[in-house]
Amino acid sequence: MARTNRPVSQRQAWWLLATALAASLPLAPQVPLWLSLAAGAAFSWRAALTWRQWHLPPRWLLVLLVIAGTVGVFLQYRTIVGRTPGIALLVVFLSLKLLELRAARDAVATVLLCYFLVLGQFLFTQTIPTALLACLTVLITTATLLAASDDRPQPQPQLRHAGLMLAQALPFMLLLFLLFPRVQGPLWGIPQDRFSAVSGLSDTMSPGSIALLSQSDAIAFRAKFQGEVPPQSQLYWRGPVMPSFDGRTWRVRQTLGAYAEVPYDGLGAAVDYEVTLEPHGKFWLFALELPATLPPDSALTSDYQPIARQAVRNRMRYTQRAWPNAIAGVNEAQGVLRDALALPRDGNPRTRAVSASWRAQHGNDGAAILAAAETFFSQQLLIYTLNPPLLGGDIVDEFLFDSKRGFCEHFAAAFVFALRAAGVPARVVAGYQGGEVNPVDGYLVVRQYDAHAWAEAWIAGRGWVRIDPTAISAPSRINSNLAAAVPAGEELPFLARSDLAWLRELRYRLDAVTNGWNQWVLGYNPQRQRDLLAGLGMKEPDWRSMTAILSVLCGGVMLGLTIWILRNRLRVDPAFAAWRRFTARLARRGIVWQPWEGPLAFAQRAAGQAPRHAQSIGEIAALYARMRYGPAPQEGDLVRLKQMIAAFHP
Amino acid sequence: MLGKLRHRLHETFVRWALRVRPPEPAPIILTQRRVYVLPTRAGLAYGAALGVMLLGAMNYNLSLGYALVFLLAGLGIVAILHTFRNLVLLSIRPGRCEPVFAGGRAQFGLLLENRRSDARTSLRLFIDEEDPIEVDIGPHTSRATPLGVPAEKRGWLPMPRFTIETTWPLGLIRAWSYAVPDLSCLVYPTPAAKAPPLPWSSDSARGSAKDGRGADDFSGLRKHQVADAPRHVAWKAVARQQDGPLLTKLFSGAAAQQLWLDWAALPDTIDTEQRLSILARWILDADAAGLAWGLRLPAVRLAPDNGPAQRSAGLQALALFSHGAH
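Being a predicted model, the structure only gives us computed values, none of them experimental. (Residues numbered from 1 in each chain as written. Chains lettered and ligands numbered in written order. Predicted model: local features only at pLDDT ≥ 70, side-chain atom pairs only at ≥ 80, totals over all residues.)

What about the overall build of chain A?
What counts, and what does not: The way it works is that DSSP assigns letters per residue, a run of H or I at least four long becomes a helix, a run of E at least two long becomes a strand, and they are numbered from the N terminus. Both definitions apply: the radius of gyration is a C-alpha atom measure, and the globule rule equals 2.2 Å times residues to the power 0.38. Partly exposed residues are those whose C-beta has more than 12 but fewer than 20 other C-beta atoms within 10 Å; 20 or more makes a residue buried and 12 or fewer makes it exposed, with C-beta atoms placed from the backbone. Here, residues touch in the contact sense if the C-beta positions derived from the backbone fall within 7 Å of one another.
For chain A, the helix and strand inventory stands at 23 helices and 18 strands. For a compact globule of 650 residues, the expected C-alpha radius of gyration is about 26 Å, and chain A comes in at 37 Å, more than 25% above that figure. Once the C-alpha set of chain A is aligned to its principal axes, its extents read approximately 135 × 60 × 50 Å. Classification of the 650 residues of chain A by burial places 37% in the buried group. Considering only contacts within chain A whose residues lie at least 6 apart along the sequence, 73% involve residues at least 24 apart.

And the structure:
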């Protein structure tokens, strides 16, 4: 088509440069530095080309640059598929496309690339600021698309026009967002790199690994309770259970024998809540001890840890019930108990000696040994700190007898070691403890610095019993929070500090907004869509009925807009209507106005044919001409024109 | 082969689309029934890009990705409406069409009338797709737009079907319509490049016209008029009075001479079109010389006269001359 061959004008080139900048700047932290610099150079080149109106670089040079860019991306990532390499390639293409803007067609291609890059941003972050930034980019991009077909308007009206069109697109977006039948991704495999940098608990625990998490205020998950939030000291969020120990590191069980239903019975009141879990790339789900139900598509390990069938790669929502007083594992399998007693052959002789003394005193009475261990831990006057000294060799001995300073993993590891050495089956449980209720929306927010490790001992007749050795030495960690437990002056994550009330208030509000965004915008998934439609009275909504409703509603909006478009189809300019009355009267005298005739020329001709009315014809035509073609029409002009024409009888 | 088929399908569509037998009575209003809307190539690319983006958003469960795709899809729908609105209910009236010589370009004047309170932007009109005219029409404004077409044969040239289209504002959607206004252009025969000299009839001062000297007695000067031949400008007189008006020399002999441009005067070996061409050349020459002339065709006789009206009448007679009259 002739139109797409039109060369790109200078103003269009500026628009395209602005769009490319707006689309690629937010991605600068995600692509390698050399690419950012190269893209910057290409943009500057484009600016110089536009400014000086130089010739475009020859095509062979661009082909070479594309190859160079692709090779560069490949060398950087060793692949060109996947999230980050894909985005990097798009940036390469966009930068070079700017240097070959020959025809309107190239402008459209550039705009489409920019839309892709906006989508690319969302692979990395989908926060509210990202969304606002993306809105701005889409506005500029749309204005550029407008300029690609008509570059005459100034930037400001062009942006306003784009804004108007986007505003009209909003109802369609809302309808589609709510009603377009959602599918739960992924449709095909997702490259693993999506979760390379997510912080969270790992499946091993060695001294210092949880202390590292305490420096992060990233959110692990949120929980919304039906009814009262249980007391802080009961909020033990069970995560990976680690029964195997090699002298330094605790690990989760490699073979996961799994229950499809919980193998224990509830006792006392149940607690119901809903968890919104941030993606962490691992399989486990966090549940308040002890889980009474299992989320869909999940199972319970033999260590009572709920795990999902697929790694948690998206923010996930599930309802849960907990039995805080459940008795579990009274008839525990021998294999599990054997694993819970296993210790390395040697090491930590001092702790082993103490354990041997408990064993000698209490024999097989697990409960008594447990009590003795608790007493021993409290007598050691251990100090809970975020900055424990580095330990080497016999880490349990060094912690209990020499440094006496440690974080929760030291406490838990030492306690389980001592129990096992005394012949009591025990294991380390990692997870989160506590959380903070946001008074604005009532959600309990659990952050990475709430990560914790505690111990579980198996007592004959009572099953698995939770003991938190940290609570023995630092009860405030369990009863309030981290900040209350660590000595003053230790470095805490910004959000964990509790000294600034107004700051905390602000944080609560921000967090409530973020949570609402996560729950209703980002977390709008097939389940939430079904719930919403069911709430609106649709029984068993499926994709067919959704599509039907969607079509009807979109059609309705379109109809409304079409009516708006055709609304003034019969509205004729009143001045023109009056002029038509005037010409109709003259036509009866045989003086026919031709539509191509200007009013003044017609008046002259008509005056010649009807000299008696020359004056009034001239006056009417002059007034009409001034109204139609003159500067600003004056008030009362129309009334005067109508009066003059009404009084005109040729 | 394929191109031919496409062309035939297109013609069938157009015939169906126009429905009214051309030419149409004025004014032609492009009602919503006769404005067609389809995506352009850019629009198809836009749609394909949205499809890929939707797949990406699904695969990575990007809620904002869904939102972006749906916003852009909404933008596409809005673009349909805006493009449609840019064209629909435009009123077209046939305007003036000046006669042309065959071989020239007939310019059909159209009066595009925007009765709306919003401007219409970037409307493209064409008869031949390679040669479009782009116009904007302000609110409540009419705009005269000439649409050219090569005039090949003498006679009345009816305005062919023309297309009016727009892809404004986003270039993603094309709205178009066809119209055949009731408008014809008079095409004069091409004046012959080589023609015999003006045929002075025997009763006129033929001999003196041949040598071109002394026969036309100079009788005075008058103000120059556009139709006056440049060689009759009294350059000397003009130079004398410096910045005065151009003056034309008047010759007393001019009105008295009898110049008959006669069909029958030409040899029988010359065919009809050639004859008409020569006659057209004579008319132009005689008119340029400011001579009074008469025209004799089989069944047509035009009394001697001079001036633009005589010229038009003569040329029209030639243009509409038909064989049957011979």
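Details of the domain arrangement of chain A
Residues and elements named next belong to chain A. Stated precisely, the cut-off is as follows: What marks off one domain from the next here is an automatic or database domain assignment. Nonpolar residues are Ala, Val, Leu, Ile, Met, Phe, Trp, Tyr, Cys and Pro. Charged residues are Asp, Glu, Lys and Arg, and all others, Gly as well, are polar.
The domains assigned to chain A are domain 1 (2-169), domain 2 (204-332), domain 3 (335-428 + 453-492), domain 4 (526-565) and domain 5 (574-646). Between the C-alpha centres of domain 2 and domain 3 there is a distance of 21 Å. Of the residues lining the interface, 25 residues belong to domain 2; the matching set on domain 3 comes to 31 residues. Where the side of domain 2 that touches domain 3 is concerned, the elements lending two or more residues are helix H8 (209-213), strand S3 (236-242) and strand S4 (244-245). Its residues assigned to classes, the side of domain 2 that touches domain 3 shows 13 nonpolar, eight polar and four charged.

What about the packing of helix H5 (residues 104-124) of chain A against helix H3 (residues 63-87) of chain B?
The test is simple: Axis definition: a line fit to C-alpha positions, over the contact stretch in the case of helices; interaxial angles, taken between N-to-C directions, run 0 to 180 degrees. Reported orientations rely on four angle classes, namely roughly parallel under 35 degrees, roughly antiparallel over 145, roughly perpendicular from 65 to 115, and oblique for the rest. Note on convention: the crossing is left-handed when the near helix lies turned anticlockwise from the far helix by less than a right angle, right-handed when the turn is clockwise.
Where H5 of chain A contacts H3 of chain B, the two axes come as close as 9 Å, and the packing angle between them is 155 degrees. The angle between H5 of chain A and H3 of chain B places the two elements in the roughly antiparallel class. Classified by chirality, the crossing of H3 of chain B by H5 of chain A is right-handed. Across the interface between the two elements, Tyr115, Val118, Leu119 and Phe122 of chain A of H5 of chain A pack against Leu64, Gly65, Leu68 and Leu72 of chain B of H3 of chain B. A per-class count over the contact of H5 of chain A with H3 of chain B returns seven nonpolar, one polar and no charged.

What about the sheet that holds strand S7 (residues 271-277) of chain A?
All names here are of chain A. Using the following cut-off: Pairs of strands are assigned from DSSP output, requiring at least two bridges between the strands.
Taken in spatial order, the five strands of this open sheet run S11-S7-S2-S16-S15, and their pairing is antiparallel. Since the sheet does not close on itself, it has two edges, and those belong to strand S11 (316-322) and strand S15 (436-437), each with one partner. In the sheet, strand S2 (residues 219-225) pairs with S7 via five bridges, with the strands oriented antiparallel. Residue pairing in the sheet places Lys224 in a bridge with Glu274 of S7.

Focus: the nonpolar core
Rules: As used here, a nonpolar core is made of buried Ala, Val, Leu, Ile, Met, Phe, Trp, Tyr and Cys residues. They are joined through C-beta atoms within 7 Å.
Formed by 125 residues in total, the largest nonpolar core has its most connected members in Val91 of chain A together with Leu71 of chain B. Sort the elements by how many residues they give to this core and H3 of chain B lands first, with 15 residues. Residues in contact with Leu71 of chain B, not counting those within four places in the same chain, are Val138, Leu166, Ala169 and Met173 of chain A. Residues Ala308, Met316, Ala340 and Tyr443 of chain A belong to the second largest nonpolar core, which totals 87 residues.

What to know about the sheet that holds strand S18 (residues 463-467) of chain A
Residues and elements named next belong to chain A. Ordered in space as S8-S3-S14-S17-S18, the five strands form an open sheet in which the pairing is antiparallel. Edge positions in the sheet fall to strand S8 (287-288) and S18, since each of these pairs with one other strand and no more. With five bridges joining them, strand S17 (residues 451-459) and S18 adopt antiparallel strand pairing. Looking at the pairing, Ala457 lines up with Val465 of S18.

Concerning the confidence of the model for chain A
Detailed reading of predicted coordinates is not advised where the pLDDT is low. Residue and element names in this part refer to chain A. Going by this rule: Values of pLDDT, ranging from 0 to 100, describe the predictor's confidence in every residue of the model.
Mean pLDDT over chain A stands at 84; residues scoring 70 or higher make up 92%. Element-level pLDDT for chain A is lowest in helix H16 (residues 482-485), with a mean of 68, against a maximum mean of 94 in helix H6 (residues 128-149). Long-range and interchain partners of residues 191-196, a stretch whose pLDDT sits below 50, account for 10 contacts in this model, where long-range means more than four residues apart.

What to know about the pairing of strand S15 (residues 259-262) of chain B
Residue and element names in this part refer to chain B. Selection rule: The handedness rule is simple: strands pointing away from the viewer, and a clockwise path from the first strand over the helix to the second, make the crossover right-handed.
The sheet contact formed by S15 and strand S16 (residues 293-297) spans four bridges and is parallel. Paired with Leu259 across the two strands is Trp293, which belongs to S16. Where the polypeptide runs from S15 across helix H7 (residues 272-288) and back to S16, its parallel neighbour, the crossover connection is right-handed.

Details of the environment of Pro304 of chain B
All names here are of chain B. With respect to the element layout, Pro304 can be found in strand S17 (residues 300-305). For Pro304, a count of 17 C-beta atoms within 10 Å puts it in the partly exposed group. Distance in space between the C-alpha atoms of Pro304 and Ile92 is 41 Å, their sequence separation being 212 residues. Not counting residues within four places of it along the chain, the set of residues in contact with Pro304 comprises Gln258, Leu259, Ala292, Trp293 and Gly294.

Some remarks on the domain arrangement of chain B
All names here are of chain B. Examined at the domain level, chain B breaks down into domain 1 (2-188) and domain 2 (206-217 + 252-325). Between the C-alpha centres of domain 1 and domain 2 the distance comes to 45 Å. If you look at the interface, domain 1 gives six residues, while domain 2 gives seven residues. Examining the composition of the side of domain 1 that touches domain 2, we find that three residues originate from one element, strand S12 (residues 184-188), more than from any other. Looking at the side of domain 1 that touches domain 2 residue by residue, the class counts come to four nonpolar, one polar and one charged.

Points about the interface of chain A and chain B
Contact with chain A, which involves 55 residues of that partner, is made by 55 residues of chain B. If you list the elements that add at least two residues to the side of chain A that touches chain B, you get H5, H6, helix H7 (155-179), helix H17 (501-522) and helix H19 (543-565) of chain A. Residues belonging to the side of chain A that touches chain B are distributed by class as follows: 41 nonpolar, 10 polar and four charged.

Notes on the packing of helix H10 (residues 349-362) of chain A against helix H13 (residues 408-421) of chain A
Residue and element names in this part refer to chain A. Axis separation between H10 and H13 bottoms out at 8 Å; the angle between their running directions is 55 degrees. Between H10 and H13, the interaxial angle falls into the category oblique. H10 and H13 meet at a crossing whose hand is right-handed. Facing H10, whose interface residues are Thr351, Arg352, Val354 and Ser355, H13 presents Phe417, Ala418 and Ala421. Of the residues assigned to the contact of H10 with H13, the class counts are four nonpolar, two polar and one charged.

Here's the deal with H10 of chain A
Residue and element names in this part refer to chain A. To keep it simple, the criterion reads: The span one expects for a helix is its residue count, reduced by one, times 1.5 Å. When we speak of the arc, we mean the arc of directions from the helix axis to the C-beta atoms.
Over its 14 residues, H10 runs 20 Å from end to end, which matches the ideal 20 Å to within 8%, given 1.5 Å per residue. If you check which residues of H10 are buried, you get Thr351, Arg352, Val354, Ser355 and Trp358. For H10, the angular spread of the buried residues around the axis is 160 degrees, confining them to a single face. Exposed side chains of H10 directed beyond 90 degrees from the buried face belong to Pro349, Ala353, Ala360 and Gln361. Positive phi shows up at Gly363, right after H10, with a value of about 65 degrees.

Topic: the environment of Tyr508 of chain A
Residues and elements named next belong to chain A. You can see Tyr508 is positioned in helix H17. Judged by local crowding, Tyr508 falls into the partly exposed class, with 18 C-beta atoms found within 10 Å. Aside from chain neighbours lying at most four places away, what touches Tyr508 is Asn438, Pro439 and Val440.

Focus: the confidence of the model for chain B
Residues and elements named next belong to chain B. When pLDDT is averaged along chain B, the result is 82; 79% of the residues meet or exceed 70. When the criterion is pLDDT under 50, residues 202-215 qualifies, and its contacts beyond four places in sequence or with other chains add up to 13 contacts. Overall fold confidence (pTM) sits at 0.72, and the ipTM for the predicted complex is 0.77.

Notes on helix H21 (residues 599-609) of chain A
Helical geometry note: an α-helix holds 3.6 residues per turn, so side chains three or four residues apart project in the same direction. Residues and elements named next belong to chain A. All of the buried residues in H21 are Pro599, Phe602, Ala603 and Ala606. For H21, the buried positions fall inside an angular range of 100 degrees around the axis, keeping them on one side. Contacts from the buried residues of H21 go to helix H20 (574-588) and helix H22 (614-629).

A word on unusual backbone geometry
All names here are of chain A. Residue Leu290 is bonded to the preceding Glu289 through a cis peptide linkage, with omega at -20 degrees. Structurally, Leu290 can be placed in the loop between S8 and strand S9 (298-301). Positive phi values are uncommon outside glycine, yet Leu381 reaches one of about 50 degrees. Inspection of the secondary structure puts Leu381 in the loop between helix H11 (366-379) and strand S12 (383-384). Taking the number of C-beta atoms within 10 Å as the measure of exposure, Leu381 has 8 and is therefore exposed.

So, the environment of Ala88 of chain A
Assignment of secondary structure puts Ala88 of chain A in helix H4 (residues 83-97). Those residues in contact with Ala88 of chain A that sit more than four places away from it in its chain are Val31, Pro32, Leu35 and Val73 of chain A.

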